[in-house]
Amino acid sequence: MWEPTLGTVIAFMIIYSICTPLQGNTITSYYYRLIGVLPLKGQLRVESVVMRETFLNAGRVVSIGLLVWLTSAAGSEVLPWVLAAAAVLQIGLVWLLSRRAEEEQPLGEVPAVHAPGSESGSRSGMKASS
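These lines cover the structure that appears in this document, whether it is placed above or below.

Conventions used here
- Every chain is numbered independently, its residues counted from 1 as its sequence is written.
- Under the rules for a predicted model, residues below a pLDDT of 70 receive no local features and side-chain atom pairs below 80 are neither given nor counted, while totals for whole chains, interfaces and linings still include all residues.
- With hydrogens and water stripped out, all remaining heavy atoms of the structure feed into the side-chain values.
- Note on definitions: salt bridges are taken to be side-chain nitrogens of Lys or Arg within 4 Å of carboxyl oxygens of Asp or Glu.
- For every residue, the accessible area obtained with a 1.4 Å probe (protein chains only) is divided by the maximum for its type, and the residue is called buried under 20%, exposed over 50%, and partly exposed between those limits.
- The criterion for an aromatic pair is that two Phe, Tyr or Trp rings (for Trp, the six-membered ring) have centres within 6.5 Å, with stacked assigned to planes under 30 degrees apart, edge-to-face to planes over 60 apart and tilted to the rest.
- Sitting over a ring, as applied to charges here, requires NZ of Lys or CZ of Arg to be within 6 Å of the ring centre and within 35 degrees of the ring normal.
- Strands here mean DSSP runs of E at least two residues long; helices mean DSSP runs of H or I at least four residues long; both are numbered from the N terminus.
- Only residues whose relative accessible area exceeds 30% and that form no salt bridge enter a patch; like-charged residues are grouped when within 9 Å of one another, and nonpolar side chains (Val, Leu, Ile, Met, Phe, Trp, Tyr) when within 5 Å.
- Residue-level accessible areas treat just the shown protein chains as cover; the underlying method is Shrake-Rupley with a 1.4 Å probe.

**What to know about the pattern of salt bridges**
Tallied over the entire structure, the rule returns 1 salt bridge. Here Arg52 ties to Glu53 by a salt bridge, and the two come within 3.6 Å at their closest N and O atoms. The class of Glu53 is partly exposed, set by a relative accessible area of 33%.

**Focus: the packing of aromatic side chains**
As enumerated under the stated definition, the model contains 2 aromatic pairs in all. Directly above the aromatic system of Tyr31 lies the positively charged group of Arg52, at a separation of 5.1 Å from the ring centroid.

**Focus: the environment of Gly42**
Inspection of the secondary structure puts Gly42 in the loop between helix 1 (6-37) and helix 2 (45-74). Assessed through its relative accessible area of 18%, Gly42 is described here as buried. Spatially, the C-alpha atom of Gly42 lies 8.3 Å from that of Tyr32, the residues being 10 residues apart in sequence.

**Overview of a nonpolar patch on the surface**
Residues Leu6, Ile10, Ile14, Ile18 and Leu22 make up a contiguous nonpolar surface patch of roughly 520 Å² in combined accessible area. Summarising the element assignment, Ile14 is placed in helix 1.

From the geometry alone we can't say anything about function, so treat these as descriptive.
Structure (structure tokens):
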């Protein structure tokens, strides 16, 4: 179906080189900001980085193993379609995460608690009669 040519390989390398730092920096900054907000306030920063790298590398090993198995079971003509489907799924994940982020409060923000009878309580806009 798709034949790898020199042009497509160079285009892939250029796009990958541009997008990888954008993705990595965004995820890393979010991760460190999340560590700073958690109850231990970053005391387990080294341990969390080690665990993050462990799971990232395990995911890479599993995904490469699945790709090798799929190629050997179904043939190499299926591989471009699998990679295209994985790219589309990642776009869908970004959309789902952005929807969820709109519903959640920002990191470190504590919800406001209002006393009963305060102006911002359940009877907003009504003044108490004295």
